[in-house]
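# Results of the structural survey
Here is what each chain is made of, one letter per residue.
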Amino acid sequence: MTSSNNPRGLDPEEAARRLATHGRNELPPPPRRGLGRIAAQVMTEPMFLLLALAAAAYLVLGEPAEGALLAGFAMVTIGLVVVQERRSERALEALRALGAPVAVVIRAGSARRLPAGEVVPGDLLVVEEGSRVPADARLQSARSLAVDESLLTGESLAVEKQADAPGDAGEVFAGTLVVGGNGLALVTRTGVATRSGQIGQALGDIQVESTRLQRNTAHLVRLFGLLALAVSLSLLLFHGLARGEWVQGLLSSIALAMAMLPEEFPLALAVFFALGAWRMARVGVLVRRAAVVETLGAATVLCVDKTGTLTENRMRVAWLSDGRHEARLEAGDPAPDALAPLLDVATLASRAHSMDPMDRALQALAGDRLAQAEVGHFPVAPELPAMSVAHDLASDGLRVATKGAPEAVARLCRLGPAERAAVLEAAADAAARGLRVLGVAESRLDGGGTLPARHADLTPHWRGLIGFEDPLRPTVPEAVAEARAAGIRVVMLTGDFAPTARAIARQAGLLAPDHVHLGPELDVMDDAAFAEVAASEGVFARVRPEQKLRLVQALKARGDVVAMTGDGVNDAPALKAAHIGIAMGQRGTDVAREAAPMVLVQEDFGLIVDAVRQGRRIFDNLRKVMLYIVAVHVPIAGLAVLPLLMGFPPLLLPAHVVLVEMVIDPMCSVAFEGQPGEPDLMKQPPRPLAESLVGGAQLVLATGLGGVLLALCMASYLLARTDGVADDVARTLAILTLTAGNLALVASLARRGRAWVRGNGRAYLVITLGAAAILGACIGVPALRELFDFGLPSPGQAARALTLGLVGGLALEVIKPLPAVQRILGRHGHGHAAPAARA
């Protein structure tokens, strides 16, 4: 190890060797759910229990073939659930990989950001405010370092850490949070050898919590289940008491219960949430809580940071001025000799091994000529947005370099009115060109001098201004326009100088870019005035984190659904208070990432708009699948009970219901989930947050569609009986009508007009052909035909049955253009004016 003033850390080759020796710096992953556990869970589901009961009933009747058939269907049910479970697990594993913590280490003399799992013993960690410590380590240097160790000790107060302290006071531990200061630490233990690993703390696991939508859906399933139980028992008693056929009545009641039980509801929710989060993760949006998927489509306001979200967060020094000399630099230009002293002071005011883009831009331009020892610093504070770093000049005392907001540094330098006005005018001119401007100053403390107790007690000398260029991301203007078309107001928040914010807002296409609200002005506003400002268009500059929280609360109070971005420790309250907290994945602190349910892996505003689009698509597709489930269960239940009530033999038996379910389940989880959004999805106002996925209007529409299909299925059955065909042929024709109507209903709900076979058409086509092949085999193969009690209809009879089914399934096409139906389906608005649109 080299000196602490110029640490080198491990070479990459040595780090790779230690990684192979010690293993990755992570705890063992949670055990996967094996086939046995999944199968055991499935065996407790109502649908499986009904299948088992039906199989036993067939054995009592002395029909082992039918019993074996249902047992086989039970195994297929287990297989389908296993497939869906694995799809969800793979999606969550992908989220865990993207959500893995990162660390900053010194290797080969330079700071590198890498996955925390690659940290090895002997690595030199950079620990700084807002980061989570990735491994146990001994401090080599520390400046005002304070660590929250409540994860290990339960004590909420931060612990002060010093490099030369004995025992725990000189160490930092894996999983703890740095809440102040920074330092360097030598890694001593990784993975399960860390203190948190030894006590079994499993960090970073993604828990999919029960959401409002899931609770409402579970309630709906319980209601349907109770109704199915009551009706099925009534049918059993009627069949047994009126006809004395208890076993046959049991089979009919089981078929009815299976027909009425919408067990696809919770499965569809789980698949949609898991795969929706996985799809968003693939494009750089990490969803840590399923509730965000529900909420995204309802967002009315996007409050976003300027730096790194609207801009590229790729700083370079573009302008320097010391009052006498001025230079504009293009990429790759060196600083002029006359302005080198200004650049040196600004570089000395930067943190060693900093990951801050402006610090790194200064250090890259200044080169390696500065290597003075840091002996103390004053961090940025809300009351003084500037930082100062002290360097030891040996016998010459201390050199304190300061940089920060021009007005703050000018105030610290005690500039006179005329000098201060000139500085602020120059800064405003540079900021109007889109530059981020910092003031630079320098103090000299004589030999033996020490830093004052307070930052404000420094009396530095003004050195000049430095401007940084952070270009607007090329995708932002189009994304802002798309958000506005969707009824979503975009509010820019920044700590920058107002002219800089105004220039970027104008480039981004925000409404009222010249209407800038300043943080100090917000402080003196009462709640009414603040609420009026929050509701207006414009830009917020010189904003502090606590003002973000107040803005979120004001927007929520007026009925807005708020998405808020943040990256710092102090942003955590605003991120938690917002409906959709969005943390920055690269420059964001671990505190911010843990407070937010959503993380931008790639910090691009366009991804936020993409996430809103995905949220709307998921909600719309979930609504379609729920409508489909309710609608298709109506004819299944009706065919199970109506023939019996009319004095005919049973039409649907458990085997027939399961045969139809084999089509319904994959349609729910595959054909609907993969559907792209409607063409005008981002031209509609946001839906109300309280809007139910399946409310009364949706239930009425779904029941009506199912009723139409049921009527045509019964018509097919009764026409067959009128023709004098056998019972098994009439049953076959009714199920042909039901299957054709089922598939047509999917197509009609999935897309509209002439486009209803597009989107995820390949999956739809595969499922349709598979269903046709299976049903064709059950009818055409004599052994299967006998097993299912099917008959062989004539081509004309089959064509008539299929035509009736298509007519019933496409009944929605007749009424789909009606505005009321469009509102029920969630298209062309939601019958309200969004707050964003009113503002």
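Here the structure is shown first, and the text comes after it.
Running from N to C, helix 25 (residues 696-722) and helix 26 (residues 727-750) cross one another at 155°; their axes reach a closest spacing of 8 Å. If you check the angle between helix 25 and helix 26, you find them roughly antiparallel. In the packing of helix 25 onto helix 26, the handedness of the crossing is right-handed. Between helix 25 and helix 26, the residues in contact are L705, L709, L712, C713, S716, Y717, A720 and R721 and D727, A730, R731, L733, A734, T737, L738, G741, N742 and L745, respectively. Of the residues in the contact of helix 25 with helix 26, the class split is eleven nonpolar, four polar and three charged.

The next point concerns helix 20 (residues 545-557). For helix 20, which comprises 13 residues, the first-to-last C-alpha distance of 19 Å matches the rise-based estimate of 18 Å (1.5 Å per residue) to within 8%. Among the residues making up helix 20, those that are buried are Q547, K548, L551, V552, A554 and L555. Buried positions in helix 20, seen along its axis, are confined to an arc of 165° and lie on one side of it. Looking at the residues trailing helix 20, positive phi occurs at G559, about 95°.

In this section: the packing of helix 16 (residues 476-485) against helix 23 (residues 605-645). It is at 8 Å that the axes of helix 16 and helix 23 come closest, and there the two elements cross at 35°. Crossing of helix 16 against helix 23: the hand is left-handed. Contact with helix 16, carried on its side by V476, A479, V480, E482 and A483, involves F605, G606, V609 and R613 of helix 23 and no other residues of that element.

Turning next to unusual backbone geometry. Negative phi is the rule for most residues except glycine; trans is the rule for most peptide bonds. For A108, which is not a glycine, the phi torsion comes out positive at approximately 55°. Looking at the element boundaries, A108 is found in the loop between strand 1 (102-107) and strand 2 (110-115). For A108, a relative accessible area of 26% gives the class partly exposed. The phi torsion at R542 lies on the positive side, around 55°, for a residue other than glycine. Note on R542: relative accessible area 16%, which makes it buried.

Taken together, the side chains of L237, L241 and W246 present a nonpolar region at the surface, about 350 Å² in accessible area. Note that W246 resides in helix 8 (residues 246-260).

What follows is about the sheet that holds strand 12 (residues 374-378). Reading across the sheet, the seven strands line up as 11-10-16-15-14-13-12 and stay open at both edges, with antiparallel pairing between neighbours. Both edges of this open sheet fall to strand 11 (326-328) and strand 12, since each of them pairs with a single strand only. Each adjacent strand pair in this sheet contributes to an overall mean axis angle of 25°, direction not counted. Here three bridges tie strand 10 (residues 316-321) to strand 11, and the two strands are oriented antiparallel to one another. Paired with L320 across the bridge in strand 11 is A327. Packing against the sheet, helix 15 (residues 417-432) makes contact with strand 10, strand 15 (435-445) and strand 16 (461-469), and its axis sits at approximately 145° to strand 15.

This paragraph deals with the nonpolar core. In this structure, L302, M598, F605 and L622 are the most contacted members of the largest nonpolar core, which totals 73 residues. Top contributing element to this core by residue count: helix 23, with 17 residues. Counting residues in each nonpolar core, the second largest holds 30 residues, with A640, Y717, L738 and F788 among its members.

The rules behind these values
- Residues numbered from 1 in each chain as written.
- Predicted model: local features only at pLDDT ≥ 70, side-chain atom pairs only at ≥ 80, totals over all residues.
- Heavy atoms only, no water.
- Axes fitted to C-alpha atoms, helices over the stretch in contact; angles between N-to-C directions.
- Helix = DSSP H or I, 4+ residues; strand = E, 2+ residues; numbered from the N terminus.
- Parallel < 35°, antiparallel > 145°, perpendicular 65-115°, else oblique.
- Left-handed = near helix turned anticlockwise from the far one by under 90°.
- Contact = heavy atoms within 4.5 Å.
- Nonpolar A, V, L, I, M, F, W, Y, C, P; charged D, E, K, R; others polar.
- Expected span 1.5 Å × (residues − 1).
- Buried < 20%, exposed > 50% of the residue type's maximum accessible area, 1.4 Å probe, protein only.
- Arc of directions from axis to C-beta.
- Patch = residues over 30% accessible without salt bridge, like charges linked within 9 Å, V, L, I, M, F, W, Y side chains within 5 Å.
- Areas by Shrake-Rupley, 256 points an atom, 1.4 Å probe, with all protein chains shown as cover.
- Salt bridge = Lys/Arg side-chain N within 4 Å of Asp/Glu carboxyl O.
- Pairing = 2+ DSSP bridges.
- Core = buried A, V, L, I, M, F, W, Y, C linked by side-chain atoms within 4.5 Å.

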